[in-house]
Amino acid sequence: MKKFHFGILAVPFIIVVWMFAARHYPPIIFPGPWRTLLELKKQLMSPDYYHHIGISLYRLFFGFVIAAVSAFVLGLLAGISKAFRQFLTPMVALFQATPPMAWAPLLILMLDLGNAPMIAVIVIAAFFPIVVNVIQGMERIKITHIRAAQTLGASRLQLAWHVYLPEVMPSAFTGIVVGFGIAWRSLVAAEMIGGSAGIGWLISSSGQIGNSPLVMVGIITIGILAMFFEFVLIHPLKKRFASWESKA
């Protein structure tokens, strides 16, 4: 007999608390589940709803790919070259301490409205967690593994593929997970500040005209997409790299 999974109680619990809270506020301020469900049904029939989701996903993945590739390459170089690591570390420490959203107003002024400043915020948000974890992964590689491969006549390419890559990927994936979460939250916030489309803009503009059910639909959409990323993308990759780490 399977054990009861208490996770299935989470959604009913949230709905009950939501219904209770909605009773204490006017619907125009805090709509209940039923009004939100009706608005969600309406939005599911609207092309504009999918347009905003598509814009946000385009910005997210385009910016995240740029951040991940550049962070991985620079992290590997910093792990291999001590001089480059000494050069890169102060800049990473300086910019990592700055919240990504602090750059949003300046980026909007520099790049104007549209996709460019939103993508730039994502790159800044995701780059630093990834590069830090890649560098840490490189630092944990045992010198004996490198020397053993060199003794066996491994070329630089073989050394990178068979020694560096397997041992650094678990740490790099940790950075990717953290960076992806920060990038997703930063994107929504940036769209609320200076976007002209996207889920964040949908929430912000709906709040300005008093359409609180649509605000709740936007919030729910963010949560559903986050769960999709977690269970469809991140969780399978996490299992893959966890098994890779155990074999390393």
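Since we're looking at a predicted model, the values are computed, not measured.

Reading the values: the criteria
- Residues numbered from 1 in each chain as written.
- Predicted model: local features only at pLDDT ≥ 70, side-chain atom pairs only at ≥ 80, totals over all residues.
- Heavy atoms only, no water.
- Helix = DSSP H or I, 4+ residues; strand = E, 2+ residues; numbered from the N terminus.
- Buried < 20%, exposed > 50% of the residue type's maximum accessible area, 1.4 Å probe, protein only.
- Contact = heavy atoms within 4.5 Å.
- Areas by Shrake-Rupley, 256 points an atom, 1.4 Å probe, with all protein chains shown as cover.
- Axes fitted to C-alpha atoms, helices over the stretch in contact; angles between N-to-C directions.
- Parallel < 35°, antiparallel > 145°, perpendicular 65-115°, else oblique.
- Nonpolar A, V, L, I, M, F, W, Y, C, P; charged D, E, K, R; others polar.
- Expected span 1.5 Å × (residues − 1).
- Bend = angle between axes of the 7 residues up to and from the residue.
- Left-handed = near helix turned anticlockwise from the far one by under 90°.
- UniProt positions renumbered as here; feature names shortened; annotations may be inferred.

Engineer: Even after reading the chapter, I still don't get the overall build of the protein, so can you show me in this structure?
Structural biologist: Helix and strand counts for the protein come out as 10 helices and zero strands. Along the protein, from the amino end to the carboxyl end, the secondary structure elements read α-α-α-α-α-α-α-α-α-α. Here the protein, with 248 residues, has 40% of them falling under the buried criterion. For the protein, long-range pairs separated by at least 24 residues make up 71% of all intrachain contacts whose partners lie at least 6 apart in sequence. A total of about 15000 Å² of accessible surface is found on the protein, and carbon and sulfur atoms cover 72% of it.

Engineer: Help me out: how do you make sense of the packing of helix α3 (residues 47-80) against helix α9 (residues 199-208) in this one?
Structural biologist: Each pair of packed helices can be summarised by the angle the axes make with each other and by the distance between the axes. Closest axis-to-axis distance for the α3/α9 pair is 7 Å, and the angle between their directions is 130°. Considered as vectors, α3 and α9 are oriented oblique to each other. Judged by residue contacts, Tyr49, His52, Ile53 and Ser56 of α3 engage Ile199, Trp201 and Leu202 from α9. Considered class by class, the residues forming the contact of α3 with α9 number five nonpolar, two polar and no charged.

Engineer: Would you mind showing me how to read helix α4 (residues 82-96) here?
Structural biologist: The α-helix advances 3.6 residues per turn, and as a result positions three or four apart in sequence lie on the same side. Spanning 15 residues, α4 covers 20 Å between terminal C-alpha atoms, matching the ideal 21 Å at 1.5 Å per step. The sharpest bend along α4 reaches about 30° and sits at leucine 88, with the proline proline 90 one to four residues further on. Of all the residues in α4, the buried ones are Arg85, Leu88 and Val92. In this structure, the buried residues of α4 make contact with α3 and α6 (115-139).

Engineer: How should I be thinking about the packing of helix α5 (residues 104-111) against α6 in this particular structure?
Structural biologist: Relative orientation of the contacting elements α5 and α6 amounts to 140°, with a least axis distance of 8 Å. Classed by the angle they form, the pair α5 and α6 counts as oblique. Seen from above, α5 lies across α6 with right-handed handedness. Contacts between α5 and α6 involve Ala104, Leu107, Ile108 and Leu111 on the former and, on the latter, Ala116, Pro117, Met118, Ala120, Val121 and Ile124. For the contact of α5 with α6, the class distribution of residues is 10 nonpolar, no polar and no charged.

Engineer: Which parts of the structure should I look at to understand the UniProt feature "transmembrane region" (unreviewed entry) in the protein?
Structural biologist: Look at the UniProt record and you will see "transmembrane region" (unreviewed entry) annotated at residues 7-25, 57-80, 92-111, 117-138 and 214-234. As a span, residues 57-80 carries 100% helix and 0% strand, and end to end its C-alpha atoms are 34 Å apart. Taken end to end, residues 117-138 comprises 100% helix and 0% strand; its first and last C-alpha atoms sit 32 Å apart.

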